[in-house]
Amino acid sequence: MTEAPTDPITDCDIQLIQAILPHRYPFLLVDRVTDINGTASATGIKNVTMNEPHFQGHFPGAPIMPGVTIIEAMAQTAGVMVGASMGLINGDLLIYFMSIDGCKFRRKVIPGDRMVMKITTLRGKPGAKVWKFHGRAEVDGELACECEFAAMLDMRG
């Protein structure tokens, strides 16, 4: 008996994200990934809330999402896209930053914002260890951050 082919994953809710990424609170920074087009592109969504721990110190009385967490959220979106497209679910996938290039911040991201991250693959294919992506984070259609980043995929086990 043969199994019917499964449809490609095009949308990941938080349960599927957690099955792909090893990240957990307080460092899981993407709530949903939509519009997954194989390993070519995807859109991540982060609902920014005041109860996130970095807002206690960045900055008290004027909370701003740290730039490094914006970049990390884009990288996690890329990891979900690759993991979902390659069937790396519950597979002990680890992803390591290798470089961040041309990073520019254009708008603050604050509690109450809905950050939409558009990720495209610049280099990488199934079976490759090193991938390069372009990420663009927006709030209300306004650019908050843009950069290119490279990562290495590591399958444990």
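A short tour of the structure in this document, coming up. (Residues numbered from 1 in each chain as written. Predicted model: local features only at pLDDT ≥ 70, side-chain atom pairs only at ≥ 80, totals over all residues. Heavy atoms only, no water.)

1. Re the packing of aromatic side chains
In the structure shown here, the tally under the stated rule is 3 aromatic pairs. The interplanar angle of 80 degrees and the centroid separation of 6.1 Å between the aromatic rings of Phe97 and Phe149 together place this pair among those described as edge-to-face. Here Phe149 lies in strand 6 (residues 142-155) and Phe97 lies in strand 3 (residues 93-105), a separation of 52 residues in the sequence. On the basis of relative accessible area, Phe97 is assigned to the partly exposed category, the value being 37%. Following the ring pairs from residue to residue traces out a cluster consisting of Phe97, Trp131, Phe133 and Phe149. (Phe/Tyr/Trp six-rings, centres within 6.5 Å; stacked < 30°, edge-to-face > 60°. Helix = DSSP H or I, 4+ residues; strand = E, 2+ residues; numbered from the N terminus. Buried < 20%, exposed > 50% of the residue type's maximum accessible area, 1.4 Å probe, protein only.)

2. Observations regarding the sheet that holds strand 3
The sheet built from 6 strands is open, its strands ordered 1-2-4-5-6-3 with antiparallel pairing. What marks the edges here is a single partner per strand, and that holds for strand 1 (32-37) and strand 3. Going from strand to strand, the sheet's axes swing by 25 degrees on average, the running direction of each strand aside. Alignment of strand 3 against strand 6, held across 10 bridges, turns out to be antiparallel. If you follow Phe105 over to strand 6, its bridge partner there is Cys145. (Pairing = 2+ DSSP bridges. Axes fitted to C-alpha atoms, helices over the stretch in contact; angles between N-to-C directions.)

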